[in-house]
Structure formats: C-alpha cells, structure tokens
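Spelled out from the first residue to the last, the chains are:
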Amino acid sequence: MKTTTTMRELLPDDVVEDILGHLPVKSLTRFRCVSKSCESIITDHTFVTKHLKLNLNQFESLMSTNTNSGYLLYTTKDKNSSPSSKQLCTVVCNNDRTLSQVSRFEMPSFFDKCDIVGFCNGLFCLADYDLSHIIYLWNPSIRMFKKLLATIFTDKYAKSVIGLAYNSQNNDFKILRLVSFLGGQEVEAEIYSLSTDSWRKVVISMESLRGYEPKFGTIADTDPTCIFLNGALHTVAITSRHHFILSFDANDESFREIMLPPNHLDGVPVNFAELAVFKGCLAVFVFVHGRRDILCHIWVMEEYGVAESWTRKYLVARNWVSGGYFFGCTDNGELLIKNSTGPVSIDPESQNQNILAIEDADWMGFTANSMESLILLDGGK
C-alpha cells in the first residue's frame with residue numbers, strides 16, 4: 001500500500017522552516033497549496049515574524065552593494081477597469097534615471113475613499129477620509145487586509161493625524177492616532193498594536209524643553225500623516241504659546257517635544273509647513289509668501305533630536321509646484337511633486353526638474369527597501 005510522505009517526515013521542522021524562511025513571498029504563497037504541513041508552517045505567526053526578520057537582515061547586508069537609487073511607489077487609476085479602481089505600482093529608480101516596473105497590485109475597491117497614511121516593511125496603512133475612525137492595514141504582496149475601528153468622536157469638526165510605525169525591539173507594527181477638536185481642548189491619543197490586535201488610549205506626557213508640560217490643543221492639518229524616522233513618528237503640534245514637533249517612540253511608547261527651527265516663523269506670512277525625511281534627516285518645508293512668489297525654506301536637522309543642528313539648506317521659488325502637491329523626498333534629496341506637467345522630481349540645489357515616466361499619480365512615496373512580507377497572513381482577510 002502506497003503512503004504519502006510529508007515534508008516534516010523527511011526533514012526536521014527547524015530545517016524545513018529555515019529553508020522556507022529564505023524564500024520570496026510569491027513562492028511561499030504558492031507553496032501553501034502543496035500540503036497541509038506547508039500551509040501550517042507558512043501561516044504560523046512565529047514563521048511570519050521569522051521571515052520578516054530574515055528579510056530585514058538581508059536588506060541591511062545588501063545596502064552597501066545597492067545598484068539602484070531606491071524605489072518609487074505610486075497609486076494611479078486603472079484605465080482598463082472602473083473609474084474608481086486604483087492600482088499600487090512600484091518602480092525601481094535606476095542610476096541612469098530610468099524607471100523599471102517591479103510590481104503592480106490592484107487595490108480593493110473600498111480603498112477608493114482612503115488615503116495612504118504610512119507604509120513600512122511591505123505593510124500599508126490607509127485611513128478613510130470620510131470616516132477617520134476606519135483604518136486599514138493592507139499587505140498587497142499577499143492580497144490581504146485588516147480593517148480596524150478606532151474611537152468614534154461625535155464632534156464633526158474633529159481632525160485626526162495617523163501614522164504607522166515598526167517596533168524593531170518586539171517586531172511589532174503600531175498605529176498612532178491623534179485627534180484634535182474645535183475649541184482647542186486637549187488632543188486625544190490612541191495606539192493600535194498588531195501583536196495584540198487592540199486599541200488603547202494613552203496620555204500624552206512629556207518633559208518639555210521649556211520646563212513645562214504643554215497641553216497642546218491642536219495638530220497641524222496641512223498633512224494627515226506622521227513621518228516615521230529613527231524608530232519614531234513625528235507630526236507638528238500647536239499650543240497657545242508655540243509650534244513644535246511631537247515625536248512618538250514606537251519601542252517604548254514615549255512622547256517628546258522637538259523644537260522647530262529657530263525663528264522660522266518670525267516676520268513672514270507662513271502659508272503652511274510640512275515634515276519630510278531629507279537625505280535621512282528630519283526636515284521641515286516651510287512655505288511662505290515672498291514679494292513676488294511663494295518661497296519654500298528647507299530646514300534640515302543634521303543631528304537628530306538636537307535643536308541647535310537645524311540648518312536652512314535651500315530657499316527655492318515655489319513656481320514649479322504652483323497648483324501642485326508635495327509628496328516628500330527621494331533618498332538623494334530630490335523633491336517628489338505633482339504639478340501641471342504631471343509627476344516630477346526636482347533637485348532643490350540645481351532646481352532641475354525631471355519628469356517621471358509614470359502614469360498620473362494621486363499619491364507617491366519613496367523607499368530604499370521594497371521588501372515584501374507575510375505580515376497579516378496569520379490574521380488578515
């Protein structure tokens with residue numbers, strides 16, 4: 001009588017897991033259909049976490065030999081489908097300034113009313129801009145998502161800022177949601193942890209750089225996202241006395257105040273300011289009204305957390321972004337803009353403009369790491 005020999009009978013479990021752990025996500029999703037033992041291993045939470053660690057370690061070892069300038073991500077309408085259908089695309093930025101497509105994923109139809117507010121290690125965070133308490137975690141490489149319901153606030157004028165962070169100490173993903181209200185009452189904060197699959201409210205407490213604990217009443221509404229850098233999320237907060245950068249450390253869940261560039265708001269009519277990552281450093285883009293045009297002051301914090309290291313690097317005319325939208329920066333410091341000519345990247349030093357050979361994008365992001373992961377495989381839909 002012929003019997004079927006399973007993989008676990010041929011090899012020890014740890015050997016099987018080690019072999020599978022070094023395979024790409026696309027192969028692992030196919031191997032789930034090979035046998036029940038493969039399915040059991042690949043969808044196990046411990047294996048999912050181990051696979052992520054191996055991918056991160058491999059990425060770090062390849063950084064020194066990287067042959068490209070990074071990866072550009074963008075969303076665009078699917079011209080061959082319904083008007084509301086969108087796709088998430090990833091292209092590699094070659095050193096000769098050409099772009100090569102890496103992947104293209106169709107986004108679920110109900111994401112049409114959502115904004116991408118963060119992405120990290122193959123996982124995307126989206127928020128419904130009509131209902132700010134509905135948030136999604138989405139892993140396009142395995143086509144799975146998780147719907148999260150945050151606290152519902154009855155104040156129709158409430159506004160929220162949402163950020164996605166990776167806790168490197170515990171290999172956990174966290175979402176920070178800050179909500180401010182009309183009238184300047186204190187900002188509410190809550191944190192979601194993927195490892196516990198739960199929300200909890202937290203008190204924002206910090207040792208202020210000015211010797212008092214600021215009870216700030218609002219958050220800047222120019223951009224509904226948080227910048228993830230050095231293991232922390234960053235957004236601009238406002239008190240009756242001053243503006244500052246509020247940071248949230250994803251590892252120990254502590255809040256702190258980071259001072260904005262000195263005198264960056266003095267004597268000039270500010271249009272708006274946005275945070276970004278500029279060549280690996282925290283940066284503030286301050287848009288002000290000049291005599292003839294709107295100017296953009298680019299301030300860079302050269303030593304993270306040290307207020308004295310703020311340096312104004314560039315002052316550029318904003319005519320190249322007139323009527324457009326600023327998405328952020330590439331790793332080499334080029335600005336990602338959508339203007340009247342379409343998606344472009346601009347070198348702030350030379351102010352040379354490079355038209356990006358991609359479809360009309362309604363969102364753009366940049367990463368040095370386009371890694372895929374199995375996150376959500378053990379608990380998504």
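Every value quoted in this text rests on a predicted model; they were computed, and no experiment measured them.

Definitions and cut-offs
Residues numbered from 1 in each chain as written. Predicted model: local features only at pLDDT ≥ 70, side-chain atom pairs only at ≥ 80, totals over all residues. Heavy atoms only, no water. Pairing = 2+ DSSP bridges. Helix = DSSP H or I, 4+ residues; strand = E, 2+ residues; numbered from the N terminus. Axes fitted to C-alpha atoms, helices over the stretch in contact; angles between N-to-C directions. Buried < 20%, exposed > 50% of the residue type's maximum accessible area, 1.4 Å probe, protein only. Polar contact = N/O pair within 3.5 Å; in protein donor to acceptor, adjacent residues only side chain to side chain. Contact = heavy atoms within 4.5 Å. pLDDT = per-residue confidence, 0-100. Phe/Tyr/Trp six-rings, centres within 6.5 Å; stacked < 30°, edge-to-face > 60°. Salt bridge = Lys/Arg side-chain N within 4 Å of Asp/Glu carboxyl O. Core = buried A, V, L, I, M, F, W, Y, C linked by side-chain atoms within 4.5 Å.

**Student:** Account for the sheet that holds strand E23 (residues 342-346), with residues named and values stated.
**Tutor:** The sheet built from four strands is open, its strands ordered E21-E22-E23-E24 with antiparallel pairing. In the strand order of this sheet, the two ends are held by strand E21 (325-329) and strand E24 (353-355), each with one partner. Mean inter-strand twist for the sheet, computed between neighbouring axes without regard to direction, equals 30°. Sheet topology places E23 next to E24; three bridges connect them, and they run antiparallel. Note that in E24 the partner of Ile346 across the bridge is Gln353.

**Student:** I'd love a proper account of the side chain of Thr367, names of residues and values included.
**Tutor:** Among the secondary structure elements, Thr367 is positioned in strand E25 (residues 363-367). Classification of Thr367 by relative accessible area gives buried; the value is 15%. At a separation of 2.9 Å, a polar atom in the side chain of Thr367 contacts the main-chain carbonyl oxygen of Asn369. Those residues in contact with Thr367 that lie beyond four places of it in its chain are Gly70, Tyr71, Leu73 and Phe119.

**Student:** Which residues make up the pairing of strand E6 (residues 134-139), and what are the values?
**Tutor:** Counting buried positions along E6 yields six of six residues, so the element is predominantly enclosed. Burial of E6 is two-sided: the residues Ile134, Tyr136 and Trp138 facing one way and the residues Ile135, Leu137 and Asn139 facing the other way are all buried. As paired strands, E6 and strand E7 (residues 144-149) are joined by six bridges and run antiparallel to one another. When the bridges of E7 are listed, Ile135 appears paired with Leu148. Between E6 and E7, which pair antiparallel and follow one another directly, the connecting turn spans four residues, one of which, Arg143, has a positive phi of 55°.

**Student:** Could you give an account of unusual backbone geometry, naming the residues involved and the relevant values?
**Tutor:** Positive phi, close to 50°, is recorded for Asn121, a residue that is not glycine. In this fold, Asn121 is placed in the loop between strand E4 (114-120) and strand E5 (123-128). Asn121 sits in the buried class, given a relative accessible area of 14%. For Arg143, which is not a glycine, the phi torsion comes out positive at approximately 55°. As for its position among the elements, Arg143 is in the loop between E6 and E7.

**Student:** If you had to explain the confidence of the model for the protein chain to someone new, which residues and values would you point to?
**Tutor:** In this model, the protein chain carries a mean pLDDT of 83, and residues with pLDDT of at least 70 account for 81%. Ignoring residues within four places in sequence, the model shows residues 209-213, a span with pLDDT below 50, making 12 contacts including any to other chains.

**Student:** Please set out the sheet that holds E4 residue by residue, giving values where relevant.
**Tutor:** With antiparallel pairing, the four strands of this open sheet are ordered in space as E4-E5-E6-E7. The sheet terminates laterally at E4 and E7, the two strands that pair on one side only. With strand direction ignored, the average angle separating the axes of adjacent strands in the sheet is 25°. Where E5 meets E6, four bridges bridge the pair, whose relative direction is antiparallel. Considered in E6, the bridge of Leu126 is made with Tyr136.

**Student:** Now, about the packing of aromatic side chains: what can you tell me, with residues and values included?
**Tutor:** In this description, a pair of aromatic rings is defined by centroid distance and the angle of the planes. If you walk through the whole model with that rule in mind, you get 16 aromatic pairs. Taking 6.0 Å as the distance between ring centres and 50° as the angle between the ring planes, the aromatic pair formed by Phe124 and Trp138 counts as tilted. In this pair, Phe124 is assigned in strand E5 and Trp138 in strand E6, connecting sequence segments 14 residues apart. Here Phe124 and Trp138 have matching classes, each one buried.

**Student:** Which residues make up the pattern of salt bridges, and what values do they have?
**Tutor:** Counted by the stated rule, this structure contains 10 salt bridges. Across the salt bridge formed by Glu39 and Arg32, the nearest N and O atoms sit 2.9 Å from each other. The salt bridge partner of Arg200 is Glu253, with a shortest N-O separation of 2.2 Å. Of this pair, Arg200 sits in strand E11 (residues 198-202) while Glu253 sits in the loop between strand E15 (243-249) and strand E16 (255-258); the two residues are 53 residues apart in sequence, bridging distant segments of the chain. In this structure Arg200 comes out as partly exposed when scored by relative accessible area, which is 35%.

**Student:** So what's going on with the nonpolar core? Which residues, and what values?
**Tutor:** Counting residues in hydrophobic clusters, the biggest one holds 33 residues, and the most contacted among them are Cys125, Leu137, Phe173, Ile175, Leu374 and Ile375. Ranked by residue count, the leading element in this core is helix H5 (residues 45-62), at four residues. Excluding residues that lie within four positions of it along the chain, Ile175 makes contacts with Cys125, Ile135, Leu137, Leu148, Ile162, Gly163, Leu164, Glu190, Ile191, Tyr192 and Trp199.

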